[in-house]
Amino acid sequence: RRSEYSPLAPMMLKRPKATDTEEDLLALQESFLSSRSKPSASVVSRAGEKRRQQGEEGAGSRERDVVQLHAVPEGSGAGSPEAARPPSKRSKFRERAEQARQRTQVRSEVNPFEEMERQDRHVTKILSEIQEHDTFTVPPVSMTMGHTKHGFPSVHELDQKSITRSETLGEPASQDKTTRRTTKKSKSLFSQQFESHSAEYFGIEMQAPQINFPMQRDRVEPIRLTGRIVKVPGLSENRQDASSNRGRSDTKDPLPPTSGAEASSSGIEGVAATHGRGGDGDAEVLKKHFASAASQTWERFVRSSFISGEGLETADVSKEAAQEEVSRIHHENVESLSAFSEEELLQERERIKQALGPGVLSFLQSRRQKASQSDSSLEGNQPRQPLHDAMAAQARGMGGGGGREREGEEGKEEREESEAMEQEEGAPGLVAPHGWLHMDVMEKEKVQWMTDISVHPQPSQGPREARFSLEGLLIPRDVSVPAHLGLHHHGDEPEAGGYTLAELLHLLRSAVQQQRVLSLQILARILTRSSRNEFAGVAEGSLISNLLEAGLPVLLRYLLDDSTAAVRTAAIQCIHSLLVSPLEEYLLDEYCDCHMGNMLPALRSRDQQPHDSSSHDESHDRAEEEVSDSEIMQRDVIEGYLRMSLLPRLRYILEVCRPTLPTVTDSLQILARLSRHSTWAASQVVHCPRLMAVVFEEFLPLSWNDDQGPTVAHSRPQVAALKLIQVICAAGRNLAAHLHSHHQLLDVILRYVVPHPTELCLPEAEAYAMATSALRAWRVLLSYGMGSEAFRDTYPVFLRWLQLLASNEPSSLGAGEGRRVAALLAMAESVVHVAATTPDMLKIEGGGELPPPSVGWAHASGMLTPLLHTLSAWGEGCGSGTQQILCMSNLLHFLGSYYSKLATKLPECPLDVLQQIEALTSGVLGNLPSSSFFTLARQGLRTTSKLANPPSLDGHSTAHFSLPTFTSLPPPPKPALYGRPSMELNDLKQLLQPEVVRFSCTELLLAYVRLCLACVKLHKGVINRVTEIFSSADFQDYLEAVVQNPPRKCSCFEFGELSLLYCSVKLFAAWLELSDGSSLPGGLPPLCHHVTFRLLTQLPPGMEMFLYNLVSTVVLHPKLLSEPSHLPTSLVTQDINSLTLREHPETVTVATDEEAGDRIPPTSAILAEACQRLGTIRSIYLTAIERGIYKAEQLSKSRNCLLQYPLATSSLLLPPQSAPLLPADWVMLPIMVEYNKAVRSDSEAEASSSEAISMVTHTLYFLLLLEHRCPRVLCDLPPSAKLARLMCIFLIGNDLFLERKIHCCLSALLRLYCREEVQRTVDFDAPVPGLASFYDFYVTLLKQYAAVSYGDRLFGSFVLLPLQQRFGARLRRALWEEHPSVLRVLTLPIAQLPVSITKFLHPTETDADLLELYMKAVATGNVRSQWSPVLYLIAVHHLHAFMFNIRENEKPSPLQLKLLQGTLQLTNEETKQHLLLYSGVAEESGLGFSVASALPEVMTTLITSLQHEHSSSLL
């Protein structure tokens, strides 16, 4: 060992340390390699050597684990030489190393370009390499599935015991124990399983070996099992035939042969193996055989081991008779076996051994030995369970008809056993399986869902959860649903058919695709029917609201990401049903060509993108990011979908997945609905990557193949795509400019507009729809001043189309052509607005100018002549259909817009214009009101108008606040119920025909009035010719109906009707201005004035310009307010004029500019001064409206949109329709503006400013004018609301109510509102409009009274009004308990009460707390008759009435005794006498009540007893 460390050996190397760096380690490695030293440790693989040693040692002692198939021909399978050769085993590491070396050697020889081509895995390369295989020569594959009684195929079990036992018993007897142990361990589970099965089990087709049984000479009786003929093991076919014929003479057909394995059992296995040929000595042979075994005697055969007697016990056969039959059959079988000789039994045994094989025989012998050992340990002779599973499997493997018959018999026995188990356990068709862990016990409660259910309807016990069919129909509880329809399932109510919403939502989460698709389809149908309002009256609550609150939108978004096309298609269908209402889209399509058809309100108020707002708060952005998707869905479904990336997913589906036509249409309609949400949502749609590119490229192509099928959607024009573009353009000017510049929108529009629809290579209906949608989209672009160049280029084509209109009457136009003509005329009107652009409109705020439009006024004038000819041609021939009337309406709208814009232009010959108007009004326009279609339009408007009919005729809205809609739909006459006929979509559209008729009727009257108003502005001399419509009884009835109906929220489809009322009022105001009043009908001025006030409370946001013009011109028109109304209010006026103010002041001095100090009646003086200050009143109201209702920029935006100034219009989307612009109490608006200003002020109340005094004074002037001259206009405002608004004046400032004019107006209005007929309707307990809580407001009023009133009697009158007995006791407690300081200063005399004193005294007070408060205030002297006469009278009256409200033979209550004792203990004798001797109200007396001289005898006795008790207690 020392020689290894010779001096020649290199020195030991340094070992690495933990502190060494990477450079140190590299240096150590280089030094070690350069030294070429041997490593101190090396890795040596010993696995190969160990395997070689084991192979040499075990080569002679054991066989290799080779799997062999029995009965397989030589040369294949396990018997072939190739199979005998052991497989070569190679190391995986060695193979990988060799492959790496080969790649390294080949890499230098391979051409790099060929290598790149070989490794190119691009999709185009892969698709080019796909080859179609020849499938014609491949034989068809068929699979025959057998019918089983189980729901699923049985699972194969690995019987390891039998395999191990058969393997052990099949070994040669010469092997010793050590060899057998080694062989047993070397056998793998796979080889044991493989050898235990036949070749057919592994798919090798082969025939079973033919076993030839010799003919038997003797014939014996066959064994009978429970009355059935069975095979005796080992007997040939002829022998069994003979024995069968000898046993039963009626048997003709021989029994088929059977295998000996089929009859093997624990009781006769030894006998079955020893059958042979013999004759009469068979019984002795059997006896010798049985006697040879000590455990087997003849007593073992006294009882059969495999005949149980099942099936013999019936209702007619008893159990004892069945057992006797079993015994008889058993004895017959034993006698038949006894007929065999010993030689015959031995021969048959050898043949059976050859047929079965050694393995099966060893298995049977082991089972026999095991059964004998178990039997010896039991007491008595018990029947043994048959053991025939393995033998039956072997027989089936060998084949033969007998095996199949045995399988049928065994299946029948198992079915009989199942039926018996069903009767015992109560579970039909269920048997506890054997051999499985924990499955041997039948659990009844868990198998109840397998039982049959009752489909008969159960009696309804109160409201239950709604159930729906597969078609989305509601299933009533009294309807019997057949079970074969698949609507019954094992839920909470298995007897009820259908699915609940909760169950459908549960199915959405299923892992089974078909269940998800089915639930999506059912939910889509339910949502569609619910949006149609088909469940109104039959289902409680809103189904859409329930589904939204359950989180359905979020689930649908998740399902949209599914990888399968069926789920995606169903999810899109369900989202479409949730967001889009087909009936609402139908109404929007019909309304689109109206005058304001392209001006629709947004569904939400989020009009800008967050990143576009420079003043957007970053904290708000962070707060929005922290909100979850489900919370946003609860607030706004569309906003939630946009946040959850619905747009990119739809783009992917449309572009990559390329779905079918219905799915594409649904997707495009979903995008259109999202764009209607707001300008922000439409911007999200436009700026989604590649979404608009896909829409234009795939669904708005410039060229397409007309040979495509009807279901192909891509590369083919789609009407839904053009509607989407129209909606996006209407959302904002910038979005329209983006589509115009980035996607060549005008080229697409011209592609479908310029050719005639018949030349578009599309179906006729689709072609006309595409042309109409293109014209509508172009109209939207012209509303912004875009697309004028394209119109200038195609101007000759349009002019030729307009010239052809005169030759075609509207009645001759088809449905598609009529829509196209209406859209064409509507677009021509937009061209007029573009051509009327003035130089002032081109100026920009920054100082520059916009380029003028390409369309000039000459283009508009060129279209006038053919359209005037068309009007003359259509004047008498216009039909009564909705499309014909709409075409006529759009023609009149064009003329109205032309003449209204003509005023801004300076015509060269004004006289020609006047003559043209003269001819128009005296000709066609003058004859139009008397035409038949115009008369029908007036009558139809009265019957179909929503403003002129009660709100009960409207539909019930099913919309959720997070999913708003444009309008509510009427419920259909037939609800969607199962088993009853439901209505289809076309039938429901027919129900909406009154809406469509209203559109056309409204548009015709609106166009006529607009044209008349434009003519009057140019030529005032034609006023009497164009006002014939006001003389129509139908139109006056319509106006009267509008006035009589209460105000209601208007939808976007009422915008045209509101415009009609506005133009009618404006035309009447012009008539009123130009006439002397004698030509006007008597009741028309007040009617139109009332219509104006009703219109003010119904104008929606977006119509601020209408509101401004009405207040400026009509509302405060001197001729409408200077004289009393024609309505029967003369008596009211006389009563008001006769009113005088008592003591404060007795008369009113009204200071004017001309005279001061003149004493005149207060009401007349106030009304006269109010009429002189109408201009100031107008300016005050306009200022208040601008401060409290809208801002100046909103008014400017509304003016640009309604007057159609193209270059100034930023968007055609109006604000959301949340509520009308003006509240019902808008007359009090200036007062409320000042009150809110005072409330928001943090400083103490100071002296009122001159502005506040002026606003409040003029508001009271106008209020008095309306109450005297037009009392009907304020009838919708409750008197309690009026009084509450007047009380706000006392809270504005600390001295505002002390101003003389304000004081006089308040006194007059108080007397007016305290009349008996008005006070009956006053209710301060009910919610007061405009106040969150009147109690809190009244408490604030009490504080203000205690602080600044100084005992003002007018202020005290308003404070006392809510204290009347008919109102709640809470208001009275607020004064008597919470603010007792007011009691001392409320000095209003009884004579100056605005209402009768009896309203404060009756009914008698019963509230115990109030009565004690009354007693406390009187006893302490806080309330006395000298300074609080009204409150003192109230307290004395209620205390006296309560204390002496004692019936005969009744004892006083404890509270009565307490109050009486307190009264007797009073030190003030005057107050005591008042409480005891009060007799009633007497206004003429100084106290206001009278005092009796003495008490009744009963009361005297009671008081005496109380005084005696009091004195006794003192003693």
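Residues numbered from 1 in each chain as written. Predicted model: local features only at pLDDT ≥ 70, side-chain atom pairs only at ≥ 80, totals over all residues. Heavy atoms only, no water.

## Observations concerning the confidence of the model for the protein
Per-residue pLDDT for the protein averages 76, and the proportion of residues at 70 or more is 69%. Confidence drops under pLDDT 50 across residues 1-11; counting only partners more than four residues distant or on other chains, this segment forms 2 contacts. Across residues 206-300, where pLDDT falls below 50, the model places 212 contacts with residues more than four positions away in sequence or in other chains. (pLDDT = per-residue confidence, 0-100. Contact = heavy atoms within 4.5 Å.)

## Side note on the packing of aromatic side chains
Taken as a whole, this structure holds 35 aromatic pairs when the rule is applied. Where Trp 778 meets Phe 798, the ring centres are 5.4 Å apart and the plane angle is 75 degrees; that geometry is what we call edge-to-face. Separated by 20 residues along the polypeptide, Trp 778 in helix H34 (residues 764-783) and Phe 798 in helix H36 (residues 795-805) bring together distant segments of the chain. For the residue pair Trp 778 and Phe 798, the accessibility class agrees, reading buried in each case. For the ring pair Tyr 1181 and Phe 1262, a centre distance of 5.1 Å and an interplane angle of 70 degrees mean the geometry is edge-to-face. Of this pair, Tyr 1181 sits in helix H53 (residues 1174-1188) while Phe 1262 is found in helix H56 (residues 1250-1269), placing the two residues 81 residues apart along the sequence. Just as Tyr 1181 is buried, Phe 1262 falls in that class too. Aromatic ring contacts, followed pair by pair, group Trp 778, Phe 791, Tyr 795, Phe 798 and Trp 801 into a single cluster. The residue whose ring lies beneath Arg 820 is Trp 801, and the NZ or CZ to ring-centre distance is 4.7 Å. (Phe/Tyr/Trp six-rings, centres within 6.5 Å; stacked < 30°, edge-to-face > 60°. Helix = DSSP H or I, 4+ residues; strand = E, 2+ residues; numbered from the N terminus. Buried < 20%, exposed > 50% of the residue type's maximum accessible area, 1.4 Å probe, protein only. Lys NZ or Arg CZ within 6 Å of the ring centre and 35° of its normal.)

## What to know about the packing of helix H47 (residues 1055-1074) against helix H49 (residues 1104-1115)
The interhelical angle for the contact between H47 and H49, taken along N-to-C directions, is 25 degrees, at an axis separation of 11 Å. One finds that H47 runs roughly parallel with respect to H49. By crossing handedness, the relation of H47 to H49 is classed as left-handed. Where H47 approaches H49, its residues Ser 1059, Tyr 1062, Val 1065, Lys 1066 and Ala 1069 are matched on the opposing element by Met 1105, Phe 1106, Asn 1109, Leu 1110, Thr 1113 and Val 1114. Split into classes, the residues belonging to the contact of H47 with H49 amount to 7 nonpolar, 3 polar and 1 charged. (Axes fitted to C-alpha atoms, helices over the stretch in contact; angles between N-to-C directions. Parallel < 35°, antiparallel > 145°, perpendicular 65-115°, else oblique. Left-handed = near helix turned anticlockwise from the far one by under 90°. Nonpolar A, V, L, I, M, F, W, Y, C, P; charged D, E, K, R; others polar.)

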